[in-house]
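Breakdown of the fold
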Amino acid sequence: MGNAFRRITIFIPYFWLLVFFLLPFLIVFRISLSILEYGSPPYVPQFDLSAGWSGFWDNLRLLNFENYQFLATDALYRNAYISSLTIAFFSTLMTLAIGFPLAYGMARASEGLRPILLMLVILPFWTSFLIRVYAWIGILKPEGLLNQLLLWLGVIDAPLTILNTNTAVYIGIVYSYLPFMVLPIYATLEKLDYALIEAAQDLGCTALAAFWKVTLRLSVPGIAAGCLLVFIPAVGEFVIPDLLGGSRTLMIGKVLWTEFFNNGDWTISSALAMVLLTVLVVPIVLFQNAQAKATERQK
């Protein structure tokens, strides 16, 4: 009975991944190898499994990678990937710069205050993501709250143009994904034995050196997890660049949506999704390998 229960427990998550990840992944990959044809569905599949295993090997020899070649040669898609990676990278750095002090302050707060601070970090999740992004339109537009405040304080003489720029996209991403950075770092720092810091100071380290050599280094797993949780969704973000960045912001999520819904090109949009998934899998694999090696060293 115990062995059967363990097998079922292990089988359920693998079955979930098979049905909701691997099968959709294979379907999208098959469409990415197809040829565009306006109809229903709007493509002609080149990888046909109706002939069985004999036709399977013939299909492998005749695979069509023209969609991927087109992505590699077209400047629009290259620039979209580069722009998405750049915006996601710097957004992650800014989120880390804001999130680490917040997580550190939460971890060093009294035990009675920590639950309140943790609730304040989680509180934005109680509101719709779309509504929170829409709220930034009212804050950042020329006649919005931010410009009105700066004008009232006399900091500026004319309203700033923030909405429909990359600056607004950075603000939206940092605000939206800040909890994903704070929570894993807080979980790491909250378990930190602060007696190690006292020991470092007793051995001659200054407070700054003890923070650098002990606190920061021991919080690396939380920092890495938080950076991945921010960077990965930020690369494929669509809502924030569409609402706050306007038409001049080029990100792969917007390009993919345009190809699929506006142009009806399922083949190119599927190829875009496959390349994006491949790009995002690389940091996840590297992080898992680093975690596995760190676990082995600790043993």
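Residues numbered from 1 in each chain as written. Predicted model: local features only at pLDDT ≥ 70, side-chain atom pairs only at ≥ 80, totals over all residues. Heavy atoms only, no water.

Put simply, the rule reads: UniProt positions are given in the numbering used here, feature names are shortened, and annotations may be inferred rather than shown by experiment.
As recorded by an unreviewed UniProt entry, the protein carries the name ABC transporter permease subunit and is attributed to Pseudohoeflea coraliihabitans. Looking at the Subcellular location (unreviewed entry) heading of the UniProt record, one finds this comment for the protein: "Cell membrane". The UniProt entry for the protein carries this comment under Sequence similarities (unreviewed entry): "Belongs to the binding-protein-dependent transport system permease family. CysTW subfamily."

Some words on the overall build of the protein
The criterion, for reference: Counting from the N terminus, the helices are DSSP H or I runs at least four residues long and the strands are E runs at least two residues long. Atoms counted for the radius of gyration: C-alpha only. Globule rule: 2.2 Å times residue count to the power 0.38. With a 1.4 Å probe rolled over the protein chains alone, any residue whose accessible area is under 20% of its type maximum counts as buried; one over 50% counts as exposed, and the rest are partly exposed. Here, residues are in contact when the closest pair of their heavy atoms is within 4.5 Å.
Within the protein, the secondary structure is distributed over 14 helices and 2 strands. Taken over the C-alpha trace, the protein has a radius of gyration of 24 Å; the compact-globule value for 299 residues is 19 Å, which it surpasses by more than 25%. With 299 residues in all, the protein has 33% of them scored as buried. Look at the contacts in the protein between residues 6 or more apart in sequence, and 69% of them connect residues 24 or more apart.

Observations regarding the nonpolar core
Heads up, the condition is: Nonpolar cores were defined as sets of buried Ala, Val, Leu, Ile, Met, Phe, Trp, Tyr and Cys residues, with membership established by side-chain atoms within 4.5 Å.
Judged by nonpolar contacts, the single largest core of 54 residues is most densely connected at I173, I185, L189, I240, L244, I252 and L272. Broken down by element, this core gets its largest block of residues, 11 residues, from helix 8 (residues 166-190). I185 has contacts with L96, F100, A103, G222 and I223, leaving out every residue within four places of it along the chain.

Some details on the packing of helix 6 (residues 129-140) against helix 8
Spelled out, the test is: Only the stretch in contact is used when a helix axis is fitted, and all axes are lines through C-alpha atoms; the angle between N-to-C directions ranges over 0 to 180 degrees. Any angle that falls under 35 degrees is termed roughly parallel, while one over 145 is termed roughly antiparallel, one within 65 to 115 roughly perpendicular, and all others oblique. Crossing chirality is assigned from the near helix's rotation relative to the far helix, an anticlockwise turn below a right angle marking it left-handed and a clockwise turn marking it right-handed. Amino acids are sorted into nonpolar (Ala, Val, Leu, Ile, Met, Phe, Trp, Tyr, Cys and Pro), charged (Asp, Glu, Lys and Arg) and polar (every other residue, Gly among them).
Contact geometry for helix 6 and helix 8: axes closest at 11 Å, N-to-C directions at 140°. Accordingly, the angle class assigned to the pair helix 6 and helix 8 is oblique. Pair helix 6 / helix 8 crosses with right-handed handedness. Together, F129, R132, V133, W136 and L140 of helix 6 and A168, I171, Y175 and S176 of helix 8 make up the contact between the two elements. In terms of residue class, the contact of helix 6 with helix 8 is built from 7 nonpolar, 1 polar and 1 charged.

Notes on the UniProt feature "transmembrane region" (unreviewed entry) in the protein
Residues given the UniProt feature "transmembrane region" (unreviewed entry) here are residues 12-33, 80-104, 116-137, 149-178, 218-240 and 266-287. Summarising residues 12-33: 95% helix, 0% strand, and an end-to-end C-alpha distance of 31 Å. As annotated, residues 266-287 has a helix share of 100% and a strand share of 0%, and its two end C-alpha atoms lie 32 Å apart.

Observations concerning the environment of P142
Mapped onto the elements, P142 comes out in the loop between helix 6 and helix 7 (145-153). You can call P142 partly exposed: its relative accessible area is 39%. For the pair P142 and L160, spaced 18 residues apart in the sequence, the C-alpha separation amounts to 6.2 Å. Apart from residues no more than four positions distant in its own chain, P142 is found in contact with N147, P159 and L160.

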